[in-house]
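# Working through the structure, step by step
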Amino acid sequence: MTDPSLHNQPRRGRFITLEGGEGAGKSTQVKLLAEHIRSLGFECVVTREPGGSPVAEQLREVILSGAAAPLGPAAEAVLFSAARIDHITQTIAPALQRGAFVICDRFADSTRAYQGAQGKVDQALISALEKVAVGPYRPDLTLVLDLPAETGLARAHQRRTGAVDRFEAEGLAFHQGLREAFLEIARKEPHRCAVIDASQSPDEVGSAIWDVVQERLSSALARKAQTL
Ligand code: Z5A
């Protein structure tokens, strides 16, 4: 479980996650958004899942190499959640407590979509793992980057330099199902999530994201840096 002492600390920063299928442009947009927020004088921590802390990065290697795939999607969900506990404890919680913005490339919605919806892991287990691993560290805002699976896979294919990873190797139907799963999460939690049309140019996507961030996190952005 995430260190219980962290649960009682005041959380002064804002936590933003980006979600979506392969090649949706999450990494590109995380970078653009962080630059924008920093240009206003705020501290902004950029991180990713799986990973974002030393132990979680080690688990990333294990999971994405496919070494844990024979254990099945439920075991993979447990591993992603274990990595998340370390990531929150070491990186996310301290940054939010000192008042920083935190932008994370994938988070718990990826476990819901990949292991839950597509891996058919029991919903009760996914919810229990999320409760244990995430606790109060739910995102303030989740940007769901949406585009046809074919487009995302083509982008990921173009960019790739090495071997396909564990999930990229899944077929088109898997990736189409993922798209639906992320859209369903956004439909169920409209106050936390915003769907962004990710088929536009990087600048257009960045501009749509900035509009949403300004609208949803206006009170935080209105405050001066260091006093978030
Ligand atoms: N996973 C899971 O199963 N359960 C979990 O709980 C978690 C994760 C947390 C992590 O992979 C894998 O772990 C992931 C889910 C699973 N599945 N896979 N594979 P990762 O971190 O290595 O990769 P990813 O998260 O899937 O991201 P990605 O494929 O690297 O894509 P991206 O970050 O969304 O896109 P990008 O790197 O910004 O852009 C991809 C290419 O498209 C690149 O050449 C860009 O220059 C180009 N691009 C970007 N934006 C545009 C636009 N707007 N137009 C045209 N071209 C663009």
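Going by the structure above, here's the rest.
Please read these numbers as outputs of a predicted model, since none were measured by experiment.

### A short note on the overall build of the protein
For the protein, the helix and strand inventory stands at 10 helices and 5 strands. Computed over C-alpha atoms, the radius of gyration of the protein comes to 17 Å, within 12% of the 17 Å expected from 2.2 N^0.38 for 228 residues, which places it in the range of a compact globule. Across its three principal axes, the protein shows a C-alpha extent of roughly 50 × 40 × 35 Å. Here the protein holds 228 residues, and the buried ones make up 51% of them. When the accessible surface of the protein is totalled, it reaches about 10500 Å², and 54% of it is carbon and sulfur. Averaged over its 26 positive side-chain charges, the protein has a centre that lies 4 Å from the centre of its 28 negative ones.

### Notes on the packing of helix α5 (residues 108–118) against helix α8 (residues 172–188)
α8 packs onto α5 with a crossing angle of 130° between their chain directions and a minimal axis gap of 9 Å. Between α5 and α8, the interaxial angle falls into the category oblique. As α5 packs across α8, the resulting crossing turns out to be right-handed. Along the contact surface, α5 presents D109, S110, R112, A113, Y114, A117 and Q118, while α8 presents A173, F174, G177, L178, A181, F182 and I185. Split by residue class, the contact of α5 with α8 holds 9 nonpolar, 3 polar and 2 charged.

### Points about the site of the ligand
Taken together, 27 residues are adjacent to the ligand, and K26, T28, R106, T111 and R159 come closest. Between the ligand and K26 there is a distance of 2.6 Å, counted from an oxygen atom to a side-chain nitrogen or oxygen. R159 is positioned such that a nitrogen or oxygen atom in its side chain is 2.5 Å from an oxygen atom of the ligand. Computed on the free molecule, the ligand has an accessible area of 1100 Å², of which 83% lies beneath the protein chains in the complex. Counting only elements with at least two residues in the shell around the ligand, the list comes to α2 (26–39), α3 (54–64), α4 (73–97), α5 and α7 (149–159). Broken down by element, the residue count for the shell around the ligand peaks at 4 residues, all from α5. Counted by class, the shell around the ligand contains 8 nonpolar, 9 polar and 10 charged residues.

Conventions used here
For every chain, the first residue of the written sequence is number 1, and numbering continues from 1 along that sequence. Predicted model: local features are reported for residues with pLDDT of at least 70 only, side-chain atom pairs are reported and counted for 80 or more only, and whole-chain, interface and lining totals are derived from all residues. Only heavy atoms go into the side-chain values, all of them from the structure, while hydrogens and water stay out. Each helix corresponds to a stretch of at least 4 residues labelled H or I by DSSP, and each strand to a stretch of at least 2 residues labelled E; elements are numbered beginning at the N terminus. Throughout, the radius of gyration refers to the C-alpha atoms, and the reference size of a globule is 2.2 Å times the residue count to the power 0.38. Between buried and exposed lies partly exposed: a residue is buried under 20% and exposed over 50% of the maximum accessible area for its type, with that area taken using a 1.4 Å probe on protein chains only. All accessible areas in this document rest on Shrake-Rupley with a 1.4 Å probe, and a residue is counted as covered only by the protein chains that are shown. Counted charges follow a simple rule, with Lys and Arg positive, Asp and Glu negative, and His plus the chain ends left uncounted. Where a charge sits is defined by one atom per residue type, namely NZ (Lys), CZ (Arg), CG (Asp) or CD (Glu). Axis lines are fitted through C-alpha atoms, for helices just across the contact stretch, and the angle between N-to-C directions can take any value from 0 to 180 degrees. Between 65 and 115 degrees an angle is taken as roughly perpendicular, under 35 as roughly parallel, over 145 as roughly antiparallel, and anywhere else as oblique. It is the rotation of the near helix from the far one that decides the hand of a crossing: anticlockwise by less than a right angle makes it left-handed, clockwise makes it right-handed. By definition, residues are in contact when any of their heavy atoms lie within 4.5 Å. In this classification, Asp, Glu, Lys and Arg are treated as charged, Ala, Val, Leu, Ile, Met, Phe, Trp, Tyr, Cys and Pro as nonpolar, and every other residue, Gly included, as polar. Definition of nearness: a residue and a molecule or strand are near each other if at least one heavy atom of the residue lies within 4 Å of the molecule or strand. Pairs of N or O atoms within 3.5 Å make up the polar contacts considered here, provided that, within protein, one atom can donate a hydrogen while the other can accept it, and that residues adjacent in sequence are counted only when both atoms are side-chain atoms.

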